Amino acid sequence: MSKLLTVEQLKIGFGTGDSMNEVVHGIDFDIEAGGETVAILGESGSGKSVSCLALTQLLPIDANCSVSGSIVFDGQDVLRLDEPELRKIRGGGIAYIFQEPSASLNPVFTIGFQIAEAVRLHRPDISDVEGRVVELLELVGIREAQLRYRSYPHELSGGMQQRVVIAMALACEPKLLVADEPTTALDVTIQAQILDLLRKLRNQLGMSILLITHNFGIVKGFADRVLVMYQGNIVESGSVETVLSNPQHPYTKALISCIPKLGDHQERLTTIGDSLDT
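For every chain, the first residue of the written sequence is number 1, and numbering continues from 1 along that sequence. Where local features are concerned, this predicted model is filtered to residues with pLDDT of at least 70; where side-chain atom pairs are given and counted, the filter is 80 or more; whole-chain, interface and lining totals use all residues. Note that the side-chain values use all heavy atoms of the structure and ignore hydrogens as well as water.

**Quick word on a nonpolar patch on the surface**
For step 1, the next point in the chain: A patch consists of residues exposed above 30% relative accessible area that lack any salt bridge, with like charges linked at up to 9 Å and nonpolar side chains (Val, Leu, Ile, Met, Phe, Trp, Tyr) linked at up to 5 Å. Note that accessible areas follow from Shrake-Rupley with a 1.4 Å probe, and for residues the cover is restricted to the protein chains shown. Definition used for salt bridges: Asp or Glu carboxyl oxygen within 4 Å of a side-chain nitrogen of Lys or Arg. A cluster of nonpolar side chains, Val-108, Phe-109 and Phe-113, forms an exposed patch at the surface whose accessible area comes to about 270 Å².
For step 2, the next point in the chain: Numbering of helices and strands runs from the N terminus, with a helix taken as a DSSP run of H or I at least four residues long and a strand as a DSSP run of E at least two residues long. Counting through the fold element by element, Val-108 comes out in the loop between α3 (101–104) and α4 (111–122).
For step 3, the next point in the chain: Exposure remark for Val-108: the relative accessible area of 56% places this residue in the exposed category. Whether a residue is buried, partly exposed or exposed follows from its accessible area with a 1.4 Å probe, protein chains only, as a fraction of its type maximum: under 20%, in between, or over 50%, in that order.

This is the structure we're talking about:
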């Protein structure tokens, strides 16, 4: 397979001059085209989400954000692109879904209108926009799609809202889907349904996925490879099976030990201390 995304020596900092605070310290990773799933795993504040937002230069400019290194997506160096070129990649090449679906949907517009907007922006060749939106709603498993086309976000459950957000991301037919904690706000049963849906869509569409999570429990059986982030560094990487069965870094071992097991009592994960930095 060919490389769809190659990230080399990615550094991200906020602030200026002596007050610059570097939060990502020169990480490297890649993703194969055609359906590979890579999971970036770590606790909140480890640098997962900011690294993924940097892939399309979505980090806030007014926060004095500094990004350096190399991000090559589909043969293009993202950090060298101007705004019109970036708009073609955002959604059309790399699409995002986030952990809080209600925050991703505008409450005053119907879900059909919002998905149609994405179709018109990135697929101007499609003449029957409403028909395409209904197809997308059916693709993500929403029943009575023609009726739901005219529904407002508040009329849908959290799981249904997340399916709408996934449909919106797929409207642009991206090559890479970045799923940032896509199941955190959902109950366990709906989490499993959303992961099953993403797995099905990956296989059906040949779309690669970058999954951001803090939960090792959802990585097994879903991702091909895992990258473990701790304090802005990738401290361990490899196939999911290898990392789960033979973790090398103390932080990875601590994360795995926190996976709940029936009948076991686990101590809280401690992330401050020299033992995790070795």
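**So, the packing of aromatic side chains**
For step 1, the next point in the chain: For Phe, Tyr and Trp, where Trp contributes only its six-membered ring, two rings pair if their centres lie within 6.5 Å, and the inter-plane angle classes them as stacked under 30 degrees, edge-to-face over 60, or tilted in between. One pass over the structure, following the stated rule, counts three aromatic pairs.
For step 2, the next point in the chain: Pairing Phe-109 with Phe-113 gives two aromatic rings, centres 4.7 Å apart and planes at 20°, and the pair type is stacked.
For step 3, the next point in the chain: A residue is classified by how much of its surface remains accessible, and Phe-113, at 37% relative accessible area, is partly exposed.
For step 4, the next point in the chain: For a Lys NZ or an Arg CZ to count as sitting over a ring, it must be within 6 Å of the ring centre and within 35 degrees of the ring normal. Directly above the ring of Phe-222 sits Arg-202, whose terminal nitrogen or CZ lies 5.6 Å from the centroid.

**Looking at the sheet that holds strand β6 (residues 94–97)**
For step 1, the next point in the chain: Taken together, the six strands give an open sheet; going across it, the order is β6-β7-β8-β3-β9-β10, and neighbouring strands pair in mixed fashion. In the strand order of this sheet, the two ends are held by β6 and β10 (233–239), each with one partner. Going across the sheet, the axis of each strand differs from the next one's by a mean of 20°, ignoring polarity.
For step 2, the next point in the chain: Across five bridges, the pairing between strand β3 (residues 37–41) and strand β8 (residues 208–213) is parallel. Across the sheet, residue Ala-39 finds its bridge partner in β8, namely Leu-211.
For step 3, the next point in the chain: Lying over the sheet, helix α7 (residues 158–170) contacts β6 and β7 (176–180), oriented at roughly 170° with respect to β6.
For step 4, the next point in the chain: Sitting on the sheet, helix α10 (residues 250–257) touches β3, β9 (225–230) and β10, and the angle it makes with β9 is about 110°. Two strands qualify as a pair provided DSSP detects at least 2 bridges between them. Whenever a helix is involved, its axis is fitted only over the stretch in contact; in every case the axis is a line through C-alpha atoms, and angles between N-to-C directions fall within 0 to 180 degrees. In what follows, residue pairs with any heavy atoms lying within 4.5 Å of each other are defined as contacts.

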